[in-house]
Each structure stands twice: as C-alpha cells, then as structure tokens.
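# Observations on chain architecture
Spelled out from the first residue to the last, the chains are:
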Amino acid sequence: MPTEPTLLRYMTRFRCIAERCEDTCCSGLRVPVSEPQWARMRAAVAGSPEDSERLHQCITPNPGGASTEHAFIQMRPDGHCPLLDTERLCSLQRRHGDAVLPDICATFPRVVTRWGERMEVSGTLACPEVARLCLLAEDAVEPVPTPIESSNVPRPETARHIPADAEDAYAFHAETVREALLRLLHRREYPLASRLAMLGHLAHGLDGFYFRGTESFRGEDRAAAEAQLSEVLQRFESPEVLEAVHRDFTSLTLPGGPCVGLFSSVLRARMTAGRGERFSTLARGVLESLGLQEGAPGDLDTAWRTYAERWRQLEALHGARVHQYFDNYAAHYLWRGPLIDAPSLLAYVFRLALRVGLLRLALVGHPRVAELCQEPSPTAEAQEHLDRAAVETFQLVAKHVEQAPDFLAFADGLVGPGRGADALGKVLIFATF
C-alpha cells in the first residue's frame, strides 16, 4: 500500500491567489504539451468551434520531439500566454474546466516526486505565493504527512517516479544521504556559509564511491561500500569534525570581485534572453545599485566592497530575518530537486552554493534593500519592505534563471565533472560569497 504523502508545510498552506498575484504562472516560460494532453485538450473544446480554433492557433507542433514535448503553447511577444483573459487567468479553463489544461499548467507550482511508493510534494519559488510561504514562515520547510487531495496533488499520475531499485545505488541511497545533508543544514549555530562548506566536505568524503553510475555497491563490494557510506555520514555527526570544518573555512580569505563578475554576467545574460519586464527591471536595478551599469564593465572589486559592506549592514539590522530566507531556501532546494539530478553529490552541493551566492548578490543589490541598509535601526515597516524585496528577488531568480537550460549548462561547465578536490574548492569559493 502506498504511504501517506509528505508535503512541506508551506505547500499545505498554498492556495492560488489568481488575479491578485503579481505574476502569471506561464509568463516567460516554455509550456510543453504531450501527445495525450493535446488529444485531451482538443476533446475538451470540441463543442466550441471558436475555442477550438483559438487552441489550434496557439499550439506549435514540435516535429521530431519526444512524446512528452509533442507541441508547445506559442507565447505572445511579451512572453504571456495567448489564452489569458483580461484578468490574467486562463480563459479556456474558465469555460471548460481543468481537463483542458496541460499537465504542467494543472500541477504548477507543485513539484511532485514519488520515491518508490512514497510521494513528496514541494513547490517552485517561481510562484510568488509559494515564495512568500516558503521564505517568510519559520516552520515553512518542515515535512508534514498529509492525506492526498486534488487541491494539494492534482494529477498525481504525473509525479516523477524514482524506483527503489537497489541496483542503482546512487538513487537507492539518495534519501539517506539527503537526511544527512538536512541534519547539517539544521545546525544553525553555524553560519549558512559554514554549513555549505560542511555539505561540500561530506560530499567529498563520499566522492570516491558514491556518484551516478557507481559500481562500488555491486556484488561482494556492496557491504563494504554501504559500511563506508554509513561511516562518512556518521563522521559528520561529530561536533569535533563540524567545528574543524567551520574553523578552517572561516580562516579562508578569497577575492570577491571574480564572483561579482560571474553573477553579474548571469543576470545580464538572462536579461538579454528577454526574460520579461519584471526580471529585467530587477536585474538592471541590482547591477546599477552595485555600480555595474548596463553597457559598462564597472569595477568588480569596488562592487564587491559595496556588496560586502551592505551585507554587514543588512545582517546588523535584519540578521535573523535574512538568515531565515536563506536557511529555508537551502532546505527547500534539498526537498525540491533530488540529488540524483546531478552527476555527483559534489556537483549537487555546488549548484546549491552557486544559487545561494547569486541570490545574496541579487538581494543585497535590490534597490529597496540598498535603501533599507541606510536606516539607523530596524522597524516593522522596514521588515515588511525587506520581505517584499526578498520574495520578488527569490521568485524572479527561480523563474527566470535557476531552471533555464543555459544557466544549468553554465553551472555544469563551472564545476566540470563535479568530482575531486577541485570541485570541493569551487563549493568553498561560492560558499564564502
């Protein structure tokens, strides 16, 4: 019998706020339509010649594409779906119900994964309401067993399925490894940067035998590999080990200018890709706030000093709140994306450190945050403004950067094979940012 689904607490609270939302689900994104979905959509509008014609005009076939990407909804030049009405809601859904929606539209912003027989539901911060719920509540990322309902798991048959197959040791042990990573993230007596370093060192400890395609767990070697896995995970339960990693990591002094240059190039590249007015406005404001105006290279070392000083001011004024944003984000990352999506655990941790660094730069560079850092003391009103800036920053980066194929390829190129001391070093570089 399948076990009760596990939802992160923020998803138990999620309700779409529809026309009150500051964004639309599909703006700036590619919306694939599978072959069965396309057949279901045609059937749903068959009784309405006008809607049937509109639907056919909006769907672009994908010649030679996979069955899961049989076609795409052709977005308008401004990036919005042509099927939205004047209230920015789906006109076809209003008239024909949920059956007319492609799977991605019906399930967004939920991310549903089935581990063997157990289902997990997290969300994507590309939805502003999910970003609010995830970042602003202290208990947001606690896992909660929750009965399955259509409101929290629509179309459960579309969940990504990860078989509990002992032959694939990387996937088979992924939940156990994730639990160890989550325990490290929960050690909040250490700064998040130190905890990212701990994740990197744990990943490096497993690097010789735990990765995609490993043969170390086969045949007579299986018991020894599982014992070694357990030994490394237990080692990072030791206060002495964690303190040593923290001490060594905090003694590192690395130049920040190159990281500023890298993150600013990411923002510029995504602006060039035409990611929508809200994202472009944010990215442009961040770069200008740090003295990196569009069309001018700027002084990266000066931008780094501006960033570092502003981060210190932000921590002094709103440290607990800002730390909550990033603590919740890091835990959300581990729940949202299975580690098996990366070729190695080090590559997976690197992706997290890279994202945290980019988000910190974007938040610190947010023009409203720059203004808040100049205030003499924290106030409730200032925290409200900070919350709004954080939600905007995390949501727009999640939607327009984090899952973009060119950004993922860029991240993979930075970390290379994602193995060995070189990959660990890159984790530590971005963790220091």
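Now for a look at the structure at hand. Quick caveat: nothing in here was measured; it's all calculated off a predicted structure.

Cut-offs used in this document
Residues numbered from 1 in each chain as written. Predicted model: local features only at pLDDT ≥ 70, side-chain atom pairs only at ≥ 80, totals over all residues. Heavy atoms only, no water. Axes fitted to C-alpha atoms, helices over the stretch in contact; angles between N-to-C directions. Helix = DSSP H or I, 4+ residues; strand = E, 2+ residues; numbered from the N terminus. Parallel < 35°, antiparallel > 145°, perpendicular 65-115°, else oblique. Left-handed = near helix turned anticlockwise from the far one by under 90°. Contact = heavy atoms within 4.5 Å. Nonpolar A, V, L, I, M, F, W, Y, C, P; charged D, E, K, R; others polar. Expected span 1.5 Å × (residues − 1). Buried < 20%, exposed > 50% of the residue type's maximum accessible area, 1.4 Å probe, protein only.

## Some points on the packing of helix α15 (residues 345-365) against helix α17 (residues 380-402)
- Orientation of α15 relative to α17, taken along the N-to-C sense of each, is 135°, at an axis distance of 10 Å. Relative to α17, the element α15 lies oblique. Relative to α17, α15 is oriented so that their crossing is right-handed. Together, R355, L358, L359, A362 and L363 of α15 and A389, A390, T393, F394, V397, V401 and E402 of α17 make up the contact between the two elements.
- Here the residues of the contact of α15 with α17 are counted per class, giving nine nonpolar, one polar and two charged.

## Describing the packing of helix α13 (residues 277-289) against α17
- Close contact between α13 and α17 brings their axes to 10 Å; oriented N to C, the two are set at 115°. Considering the relative orientation of α13 and α17, their crossing is left-handed. Across the interface between the two elements, R278, F279 and L282 of α13 pack against E392, T393, Q395, L396, H400 and V401 of α17.
- Taken together, the residues of the contact of α13 with α17 break down into four nonpolar, three polar and two charged.

## Overview of the environment of W304
- Relative to the helices and strands, W304 resides in helix α14 (residues 300-336).
- With 49 residues separating them in the primary sequence, W304 and P255 have C-alpha atoms 8.6 Å apart.

## Considerations on helix α19 (residues 420-431)
- When the terminal C-alpha atoms of α19 are compared, their 17 Å separation across twelve residues agrees well with the 16 Å that a helix rising 1.5 Å per residue should span.
- Listed as buried for α19 are A423, L424, V427, L428, F430 and A431.

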